6 protein chains.
Amino acid sequence: MLTRTAIDRVVAAALEEDAPWGDLTSEALVPADATAQADLVAREPGVFSGGAVFAAAFALTDPFVDVRLSVTDGAVFAAGDVLAVVSGPARAVLTAERIGLNFVQRMSGIATLTSRYVAEVEHTGARIVDTRKTTPGLRMIERQAVRDGGGHNHRYSLSDAVMAKDNHLAVLTASGVPVTQALQSAIARLPHTTHVEVEVDRLDQIDAVLAAGVDTIMLDNFSLADLRTGVERIAGRAQVEASGGVTLETVRAIAETGVDVISVGALTHSAPALDLGLDVRITV
Amino acid sequence: MLTRTAIDRVVAAALEEDAPWGDLTSEALVPADATAQADLVAREPGVFSGGAVFAAAFALTDPFVDVRLSVTDGAVFAAGDVLAVVSGPARAVLTAERIGLNFVQRMSGIATLTSRYVAEVEHTGARIVDTRKTTPGLRMIERQAVRDGGGHNHRYSLSDAVMAKDNHLAVLTASGVPVTQALQSAIARLPHTTHVEVEVDRLDQIDAVLAAGVDTIMLDNFSLADLRTGVERIAGRAQVEASGGVTLETVRAIAETGVDVISVGALTHSAPALDLGLDVRITV
Amino acid sequence: MLTRTAIDRVVAAALEEDAPWGDLTSEALVPADATAQADLVAREPGVFSGGAVFAAAFALTDPFVDVRLSVTDGAVFAAGDVLAVVSGPARAVLTAERIGLNFVQRMSGIATLTSRYVAEVEHTGARIVDTRKTTPGLRMIERQAVRDGGGHNHRYSLSDAVMAKDNHLAVLTASGVPVTQALQSAIARLPHTTHVEVEVDRLDQIDAVLAAGVDTIMLDNFSLADLRTGVERIAGRAQVEASGGVTLETVRAIAETGVDVISVGALTHSAPALDLGLDVRITV
Amino acid sequence: MLTRTAIDRVVAAALEEDAPWGDLTSEALVPADATAQADLVAREPGVFSGGAVFAAAFALTDPFVDVRLSVTDGAVFAAGDVLAVVSGPARAVLTAERIGLNFVQRMSGIATLTSRYVAEVEHTGARIVDTRKTTPGLRMIERQAVRDGGGHNHRYSLSDAVMAKDNHLAVLTASGVPVTQALQSAIARLPHTTHVEVEVDRLDQIDAVLAAGVDTIMLDNFSLADLRTGVERIAGRAQVEASGGVTLETVRAIAETGVDVISVGALTHSAPALDLGLDVRITV
Amino acid sequence: MLTRTAIDRVVAAALEEDAPWGDLTSEALVPADATAQADLVAREPGVFSGGAVFAAAFALTDPFVDVRLSVTDGAVFAAGDVLAVVSGPARAVLTAERIGLNFVQRMSGIATLTSRYVAEVEHTGARIVDTRKTTPGLRMIERQAVRDGGGHNHRYSLSDAVMAKDNHLAVLTASGVPVTQALQSAIARLPHTTHVEVEVDRLDQIDAVLAAGVDTIMLDNFSLADLRTGVERIAGRAQVEASGGVTLETVRAIAETGVDVISVGALTHSAPALDLGLDVRITV
Amino acid sequence: MLTRTAIDRVVAAALEEDAPWGDLTSEALVPADATAQADLVAREPGVFSGGAVFAAAFALTDPFVDVRLSVTDGAVFAAGDVLAVVSGPARAVLTAERIGLNFVQRMSGIATLTSRYVAEVEHTGARIVDTRKTTPGLRMIERQAVRDGGGHNHRYSLSDAVMAKDNHLAVLTASGVPVTQALQSAIARLPHTTHVEVEVDRLDQIDAVLAAGVDTIMLDNFSLADLRTGVERIAGRAQVEASGGVTLETVRAIAETGVDVISVGALTHSAPALDLGLDVRITV
C-alpha cells in the first residue's frame, strides 16, 4: 500500500502544475458559495484503479470537498456505473476535476488493459508484468494500476534488481573471462536479496548464463519456436521471461510456449486512458 | 526558453525515481574506471525535441559525462542519423541511459506526431494546438515538444486563460441572467490579458456568446457542415477553434472549413515514443 | 481560488524560516497546558484579505488551534472590528502569531491600497492592475490581495502573456524588417490564447504596432495630453494601458484620459502593511 | 557567508514563479542565437548588496550567461556606476533580467537605507539593527543586506534568542510568582548560549527584569526623556534596546540617549527598492 | 515546541525512504481489511521522547490509524509500561511500524542517556548540554530529546552563536593584533543577541579572552585540576564550559570543579536506541 | 553508483540545517579574502568511504573550494595518511568543515567496522550484511559505506524484498490455511524479481516455510547448535541468514555453522564515527 504522504506528493505536484495561481474560469464564472455534486461515471466498462489518488485531488484543493468511492481498486465495472460521488464547494470541484479524472482515467486505463492481457493468458501459468517504461514521476501509481488489473510488477528501478543486457555482458567478458565465471563473480558482489536476470538474444547464450545460477533469463525477441526450445533447455532451473513483440494478439501463443513471465511495455506506455466522466450538477 | 532550474527539477525527479540508491547492474558488472561512448541514433525518421533534457539526464548522474548534440530542437532527421554523442564514465552512461532516452523519445515522439498534423493543414490558415491532456508533471516539456514539432500551445493551465464549458454557462445563467450579459460581467472580473474562450455544442449558442465579446469560440464535436456554418456566422469576430474527433485522416477537412485553431489531445496523450536508440561502446 | 496545497506550501516555508527548531520564548515562559484566545483586531479601517493564509499559519503549527474568521476576503472593515478569533494551546498561538499577522497585514495592506486606487477611478471605465513587481515567492497571494481590493491582475508571469518592450522591438527590427510585419510574424508563433501587449514610448510608434493587431498598447510615461492623443489614435482597436508615474494623486486624471488599464507597481511593492493586531488572552 | 545551496534555493523558487514554463516574449521575439551584453547601472547612488544573488538568477536560467561583478557587497557607488556586466544568450539574459534586478534592487535598497541610519548615529555608540519584520522566505538575504549596509542583525527567528513581551510576562506571573524569580527560572531552562531580552513598556518594570539577569532590556515606545532615565537606571548591567517610532529624523536623538541598540523595522519592511537598471544591448 | 509542519517534513522523508513504493510484505501477506491494535511497550526503563513524531509516522502512512499516547515527552517509565496504543488498518500499522519505532527509540534513547548525565551532576550547578554532533537532518528532534531528558541545548547551528576555536584565533591574530583587541572588534560586528564562546586549550589563554568580554569560555580537554584553576581565574566573569573526555564516570568530578556547562557529544552521537517494542495484534 | 543529484540532495539538507543563514563565526573572525588549505588526515587506521559526499559539502558551500581526494572509496589507510586536500576561500572551508567531516567520519566508521566483520568471516562462505536499522534520511549513503567496507547490503526498503515475520505468518494462517500453502499464494502475488525471506524462531518452523519455495530463511536468535541443525535441514534449498546477537566476538563461530548470510544491525546503528581530522592552514 502506498503511503498517504507519497500519494499526496504526486497529486500536489499535478495540482500546482495545472492551477499554479488558481482557476480563473471558476473564480470568474462560479459564485463562491455555489455547491456541486458530481458523479464519476464509467462511459465504458473496465477495471477501476486510483480511488485514493482521485480523492486526494479534491482534498488537496479544498478539504471541504467530500469524496465517496463506490468501488474498490481492482473492481470490474460496467459502462454507466457510478464509481464515486464528489460533493462540496463548486469552485473546488471544478478546479480539481481534470487532475482527478486524469489520474483515475490513466490508472484505470492501465488496469483495464492489463486485465485483458491477464485474461488472454489464463490457465497458462504465465504472468503478465510491466516494465520500466513508465511515465517519469508516475511509476509508483502506474505500477499500482498494473497490480489492480491483475498483472504483476517487474523490478521497480535500477536499484532493486539486476537486469544484465548485451552491453553489460560484453563488458563483463572483455578481459577474456568466460561469461559464466564473470557473472558468478558479479553475483557475489550483489545483495543476497537481489534477483539477477540476464537478457539473451540467441539460444546458444543460454547455457553459459544458466550455469552462473541466475534467477531469470529473458529471451528477447525470440520466435515462438525458439521460446519453446529455450523453455525446454532452461527446464525450470531459472524463470523464463519472454519480451519483445508482445500484443494482445500474440500473448496467448507466447504464454503457451511455457514461459513464466511475459513483460509488456505497452501496459504503461500505451494504455489508452479509460473514458470516465464527471457529471457535475451545480447548485447556486 | 525553459530555465535550467526547471529542466533540472524534472530530470532529477526522474533520476531519483529510477535509481534511488544507484544502479545495481552497472555497479556489479561494469568496472569503475570503464569508459563509454554512445551515439544517440534515430531508428526511424522524425523531428527532434528534448536535447537539453537528454543532456541533463547524464549531467545530473555524473558531471564528468559529456553530451554533444548534433541537431537542434525542431530539426528533421532521417533514420540512421546520429543525433548526439555521449561520452564518459561507463557506469554513469548506463545508469542515465533509460531516463535520457525516455525523455528524448517522448518529446521527439510528440514533436514528430505534431509535425504530421501540421503538414496536413499546410496552407489552410489553421493551426494545430495541444490541450491540457498532458502527463502530470511533464506539461512543460511536452508543450515544448509540440512547439518543436511546429504546433502551437493552447492555454497552459487553469490559471492563464479562461475556457468556459457547459457547466460554467449553466451556473452563469442559473439566476436568469441572459448568457451574453452574464459572460460580460464575468469578463469584467478577469485580467485584461486573459483570453476568454467559450465552448459551444450547438450552432444556436454562438450568437449570444459572440455578443459578449469573447476571444475564441470552440465548436465542440461539430460536423464539417456545422463547422463551416459556424465559421461563417462568427465571421472573424472571434477566433474559431475546432475540437473533438480530430485525427490525421480528418484534420485536413476540418482545417478547410476555415477554423483558425484545431486542438488535438492526441499530440500529447497518444504520441508514440519515437524509436531512438543509444548505441553504447564500452572501453574497459 | 488558490488550492489548499499551494497555500500550505507558502505558509509552511514561512513557518520553517521563523521557527526552524521551535519558539524558545514560548517554550521557556509558557506552560505546555496553557490555552490562549486571541482576537484579530483592526487598528485601522481597511479591506480584508488573507483569511485562509492566516488560518493556515496556526493549523500548520498545531492542528489543535481553531481559527474562526468573522469577515470574508474583500470585506470592508472599521477600526476596532474583530476580524477573526483564534483559540487553542497558548504556545502554538504565540509561535504562529507573527507569521499569521505578517501575511494578513501584508495582504490586507495591498487590498486596502488597491481599493483606494479603485475608488479614485470610479465610473471612469479604467481598471487598476498590478505588475510583476511582487515579492519573490509571494506573487500568488499578493495577486489575490489585489483582487480582494477590487483591482485586477496583469499577466502573472513571463509565461502567460507577451509584453514587448523597446529591447524586444529593437531586436525584432534589427534585420530591417518593418515593425508591423515583424510583430505579426512573432504573434503567429504564439499560442492563440496569448495576449500580446506592446510598450511604446512615443506617439509615433503607435500606428505600426496597432497595424500588427496587438491586443494592448502600453503608453509608458506619457503626459496626460499624450495619453489623450494616444487613446484617440488607437480608437478602441486595442486596449490602452497607462503606466509610469501613477499615484493616488494622479490616477484620476490618467483614468479620465480614456485609457482602459492603469498599472500600478505600488499596489504590491509599496503597500504599507495594514495595522492589524492580535489581542491574546492566555489562561494558565 | 551564505552557502551556495541556500542562495540557489531562493533564486530558483523566484525563477520558477516568474517563468514557470518559459518566457513567451523572448522566445517569440528574439532569435535563439542572439547574444546580449548588459550593464547593471546605478540610476541613483547607494550601497551595493546582492551580487551573488544577482549572478545566480542568470546562472540558474542558463549556465552560459556570464556575470562579472565590478563591486563587492557593501561598497558605496555613485549614480551612473556600472556595477556588473552580464553577457550571453539574449533570450536567457532577458528572461532572468527582472528576477536578477528584483533581488539586487531590494537588497541594495535595504543596504542603502540601513547605511543612512548608520550614518545618522555615527560616533554615538548605538548600533542599528533589523527586526523579524522581513519578507516571508527572504529573511536570509534581507538580513545580509542589512549587514552590507553597515547595520547589525537582531535575532534571526523564534528559535535563536528569547524576546519576552507583555503576554509572556503576564503568563509568567499569573500564578503569583514575582517576575524576577519567574524570569530566572525560565532562563534556567534555556540554552546557555541563548540571549534573553525582555521588552518593557514603563520605567517601573525595569528593576524587576534587571534583577533577573537578562542580557538586554528593550524600552518600547519610550520618550527621549524616559529612554535617558532607563539607560541611567540600567547602568550598563544589561544592553539597552530602543524600539518604536524610529525614523531617520528621530534616530540621532534616540542614539544620544545612550542606548546600545536601536531596532528599525523599516530597514526591511519599508526600504524602497534602489533604482538600478540593466542596459541591454542585443546582437542578432 | 516544534511546528507540525517541521515534524511532518522529517517523518515524511523517512517514510518515503523506507517504503518508496509501498510495503511489499504487508500487501502480499495481510488482507486489505485486516485491522491491528498495537501497544508501544517499554522493554527497559527510560525517559520518553518523540510522541508526536511516533504518531506522525502512522498518520502520514494512513490517516485512519489512531495513535493514543499514554505518557508525555519527558516522562519516566518502567519496563513493561505501555507508552502508546496504535489501532487501525493492519497494513498501515505494519508499514509504519519500523519508522515510528526508529524515531521514538532514538529520541527516547537520547532522553534516557541525557537523564543519566543530568542525575550525575545533581546539585552541582552544572548543566549538561549537547553538541552539533547530531545526525544530519535530525538535529531538531535530537535536540528536543535532550531537553526531554532534562538536558540543555548548546547552540543549534553555525548561524546562531559564535564558537571561536584555535583556527579562528590564529587567523584573528595573524596580522599581529593582540587577541583581546581582535576579539573585541569581531564581537562588534556580531548581532547583539549573539552569544560569543571561545575555546581555549591552556590556562594561559584565559586572561586575554576574558578581557575581550566573551560570554562563555570553553576549557577544552582540561584536567580536573586545571578546570578548577580555570573556574577560579574566570571567577564568574564568563560562563565556563568543560568539554572533552566527558563520560558517566567522569562527569560528576568535572561538575564539582565548578564549571557551569558540560558539553557531551555522546548524548546524540552515542546514545543507544532504547528498547521499545510494538506488540501487534492483528484481526483478520 | 549514486547519482550526483541524490548525493547533492542529502548534503544540501545537512548544510541548510547547520548553517541556515550562514556561519557567524567565520564571517566575524575571518577576512573575506583569506584562503585556507586543509588536509583530511586519518587519526586512526580504517577503510575510507564518502569521498564524493565529503567533496559535495564544500562544493555546495562555495564552488570555488577545490577538493582533491587521495584515496578511493573502499581503500584501506593508516593513521596519519592524508586522505584529501581541500583548498579555497577560508570562510567556506570553515563553514563546510563539520558537515564534510561528519559524513566522511560516519561513512568511514561504517566501512571500517564492516571490514572488521568481513575479516572475521574470511574463507567461511558467509557474507556480512546490513539491516534497515539505518539513520532516517541517510540509508543510501550508509549502505554505500557498508559496501565500501566489503560488506553486502540487505534489502533496501519495504518496497524491494519481502521479509515475513511472525506477525505476518500469524495473519497468513489465521483463517486456518497451512503456512506452506498460504506463503505460496502470497508469493504468487509478488513480482517475479522479489526475493522472499521468512524469519523463523524455531527449527520446527523450517520445513513448512521451505516447502513454500522461499529464497532465504532467517534463523532468528538461534544457538550455534540450532544454526548448524538449521543449515543441515535447509541443505542448500534456500539461503540461510543468521540474525540476532551478532558481535565481533561471535561472528566467526556463527559463520562456521555454514550460514550464508549474517545480518548485523550494528554496522549502521552502532558504528563509531572514525577519527578523521581536518588540519586547516589559513593564509590571511
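Note that this is a predicted model, so its numbers are computed, not measured.

## Some thoughts on the overall build of chain A
When you go through chain A residue by residue, the secondary structure sums to eleven helices and twelve strands. With the C-alpha coordinates of chain A rotated into their principal frame, the extents come out at 75 × 35 × 25 Å. Looking at chain A as a whole, 63% of its 284 residues qualify as buried. Put simply, of all contacts in chain A between residues at least 6 apart along the chain, 71% involve residues at least 24 apart. Of the roughly 9700 Å² of accessible surface on chain A, a fraction of 50% belongs to carbon and sulfur atoms. The distance from the centre of the 23 positive side-chain charges to the centre of the 36 negative ones in chain A is 4 Å.

## Re the packing of aromatic side chains
This structure, assessed with the given rule, holds 21 aromatic pairs over all chains. Judged by centre distance (6.5 Å) and plane angle (75°), the rings of B:Phe48 and B:Phe77 are edge-to-face. One end of the pair, B:Phe48, is in the loop between strand E2 (46–47) and helix H3 (51–59); the other, B:Phe77, is in strand E4 (residues 76–77), with 29 residues separating them in the sequence. Here B:Phe48 matches B:Phe77 in class, with each residue buried. Geometrically, the ring pair formed by B:Tyr156 and D:Trp21 is stacked, given 3.6 Å between the ring centres and 5° between the ring planes. Of this pair, B:Tyr156 sits in the loop between helix H5 (139–148) and strand E7 (162–164) while D:Trp21 sits in the loop between helix H1 (4–18) and helix H2 (24–29), on two different chains.

## Quick look at the sheet that holds strand E5 (residues 82–89) of chain D
Strand pairing in a sheet relies on backbone hydrogen bonds, with the paired strands running either antiparallel or parallel. All names here are of chain D. The antiparallel open sheet is built from four strands, whose spatial order is E3-E5-E1-E12. Strand pairing shows two members of the sheet lacking a second neighbour, strand E3 (66–69) and strand E12 (276–283), which therefore form its edges. Each strand of the sheet is rotated relative to its neighbour by a mean of 15°, with strand direction disregarded. Bridge analysis of strand E1 (residues 35–42) against E12 gives eight bridges, and the strand direction is antiparallel. When the sheet's bridge partners are listed, alanine 42 is paired in E12 with leucine 276. Running over the sheet, helix H3 (residues 51–59) touches E1, E3, E5 and E12 and is turned about 165° from E3. The strands touched by helix H4 (residues 90–120) within the sheet are E1, E5 and E12, with E12 carrying the most contacts at an inclination of about 170°.

## A look at the pairing of E1(D)
All names here are of chain D. Burial runs high along E1: six of the eight residues are buried. Here seven bridges tie E1 to E5, and the two strands are oriented antiparallel to one another. If you follow valine 41 over to E5, its bridge partner there is valine 82.

Definitions and limits used
- Residues numbered from 1 in each chain as written.
- Chains lettered and ligands numbered in written order.
- Predicted model: local features only at pLDDT ≥ 70, side-chain atom pairs only at ≥ 80, totals over all residues.
- Heavy atoms only, no water.
- Helix = DSSP H or I, 4+ residues; strand = E, 2+ residues; numbered from the N terminus.
- Buried < 20%, exposed > 50% of the residue type's maximum accessible area, 1.4 Å probe, protein only.
- Contact = heavy atoms within 4.5 Å.
- Areas by Shrake-Rupley, 256 points an atom, 1.4 Å probe, with all protein chains shown as cover.
- Lys, Arg positive; Asp, Glu negative; His and termini not counted.
- Charge placed at Lys NZ, Arg CZ, Asp CG, Glu CD.
- Phe/Tyr/Trp six-rings, centres within 6.5 Å; stacked < 30°, edge-to-face > 60°.
- Pairing = 2+ DSSP bridges.
- Axes fitted to C-alpha atoms, helices over the stretch in contact; angles between N-to-C directions.

Don't take any of this as a statement about function, it's just geometry.
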